[in-house]
Each structure stands twice: as C-alpha cells, then as structure tokens.
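Chains, contacts and geometry: an overview
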Amino acid sequence: MDRKALGNKIRQERIQMHMTQEQLAEAAGVSTTYIGFVEHGSRSVTLEKLIDLANIFHVSIDYLLSDSIEASSDADFMQLKELWTQADASSQALFLDIAKSVLRRTK
C-alpha cells in the first residue's frame, strides 16, 4: 500500500470538508500529530481508523484506498464486466465502439 497516496487522499478530503488537522483528529479520536504523520505518509492507518475516517468523510474505504493500491488485471476485468452488465444494449454497442477505437489508436 502506498501510504503517501493514502495520506494525500485523506488530506484532500479533510481540506474539501474545510476541516483542520485538529478538527479531524478530534473527530477520529486521535492526536493531531497522528493525522499529520498519516497525511505525510510516514505512519500507517489502522483498519479501525480507516473506517472512522471514511465515516467522517462520508466516503467508502475503497475510495480512500483507490490511489494507494495497484489494481490487478482481474479486478479491472471484473469492473468492466460489472459495467457491461449494468449497461443497456445501446450503451454496450457504444462501449464496444469506444474499445475498438482505443485499440486501433494503440497499434
């Protein structure tokens, strides 16, 4: 896990919510120093605190981790499959056209 990427995401969310490090620390039940270390990527976040932060920011844990974990090709395929099954027939046709265009540009 990329602690710097997670720290950056936490900082972005804190700033977007117009919170200081002190306010976030109080809401999460930790010290301001801990929040500073986490935001700078020099300290790991426990699962419990990650859940607390996600709840404070009203986001999912996977959103907070999205920049810090490298997605595998299986995960990418599953995401594409899920999008495909949610799409109607015309969206699926458009999806295929876009994919074909992208592949043509990379050859």
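Structure report, in brief.

Thresholds, definitions, all that
Residues numbered from 1 in each chain as written. Predicted model: local features only at pLDDT ≥ 70, side-chain atom pairs only at ≥ 80, totals over all residues. Heavy atoms only, no water. Helix = DSSP H or I, 4+ residues; strand = E, 2+ residues; numbered from the N terminus. Rg over C-alpha atoms; globule rule 2.2 N^0.38 Å. Buried < 20%, exposed > 50% of the residue type's maximum accessible area, 1.4 Å probe, protein only. Contact = heavy atoms within 4.5 Å. Areas by Shrake-Rupley, 256 points an atom, 1.4 Å probe, with all protein chains shown as cover. Lys, Arg positive; Asp, Glu negative; His and termini not counted. Charge placed at Lys NZ, Arg CZ, Asp CG, Glu CD. Core = buried A, V, L, I, M, F, W, Y, C linked by side-chain atoms within 4.5 Å. Patch = residues over 30% accessible without salt bridge, like charges linked within 9 Å, V, L, I, M, F, W, Y side chains within 5 Å. Salt bridge = Lys/Arg side-chain N within 4 Å of Asp/Glu carboxyl O. Expected span 1.5 Å × (residues − 1). Polar contact = N/O pair within 3.5 Å; in protein donor to acceptor, adjacent residues only side chain to side chain.

**Structural notes on the overall build of the protein chain**
- When helices and strands are tallied, the protein chain shows seven helices and zero strands.
- Order of helices (α) and strands (β) in the protein chain, N terminus to C terminus: α-α-α-α-α-α-α.
- For a compact globule of 107 residues, the expected C-alpha radius of gyration is about 13 Å, and the protein chain comes in at 19 Å, more than 25% above that figure.
- If one aligns the C-alpha atoms of the protein chain with their principal axes, the spans along those axes are about 50 × 30 × 25 Å.
- Looking at the protein chain as a whole, 26% of its 107 residues qualify as buried.
- Within the protein chain, counting contacts between residues at least 6 apart in sequence, those at least 24 apart form 55% of the total.
- Carbon and sulfur atoms provide 56% of the accessible area of the protein chain, an area that totals close to 7600 Å².
- One finds the centroid of the 12 positive side-chain charges in the protein chain at a distance of 7 Å from the centroid of its 15 negative side-chain charges.

**Focus on the nonpolar core**
- Membership of the largest hydrophobic core comes to 17 residues, with the highest contact counts inside it found for Leu6, Ile10, Leu24, Val45, Leu53, Phe57 and Leu64.
- Elements represented by at least two residues in this core include exactly helix H1 (3-16), helix H2 (21-28), helix H3 (32-39), helix H4 (47-57) and helix H5 (61-65).
- For this core, the element with the highest residue contribution is H4, accounting for five residues.

**A closer look at a nonpolar patch on the surface**
- On the surface, Leu94, Ile98 and Val102 cluster together into a nonpolar patch covering about 280 Å² of accessible area.
- Relative to the assigned elements, Val102 resides in helix H7 (residues 89-106).

**Description of H1**
- Under the 1.5 Å per step criterion, the end-to-end length of H1 is 20 Å for 14 residues, consistent within 8% with the ideal 20 Å.
- Along H1, the residues that are buried comprise Ala5, Leu6, Gly7, Lys9, Ile10, Glu13 and Arg14.
- In this structure, the buried side of H1 is in contact with H2, H3, H4 and H5.
- One side-chain oxygen of the residue at the start of H1 lies 3.1 Å from the amide nitrogen of Lys4, identifying that residue as Asp2.
- One or two residues past the end of H1 sits His18, with phi positive at roughly 55 degrees.

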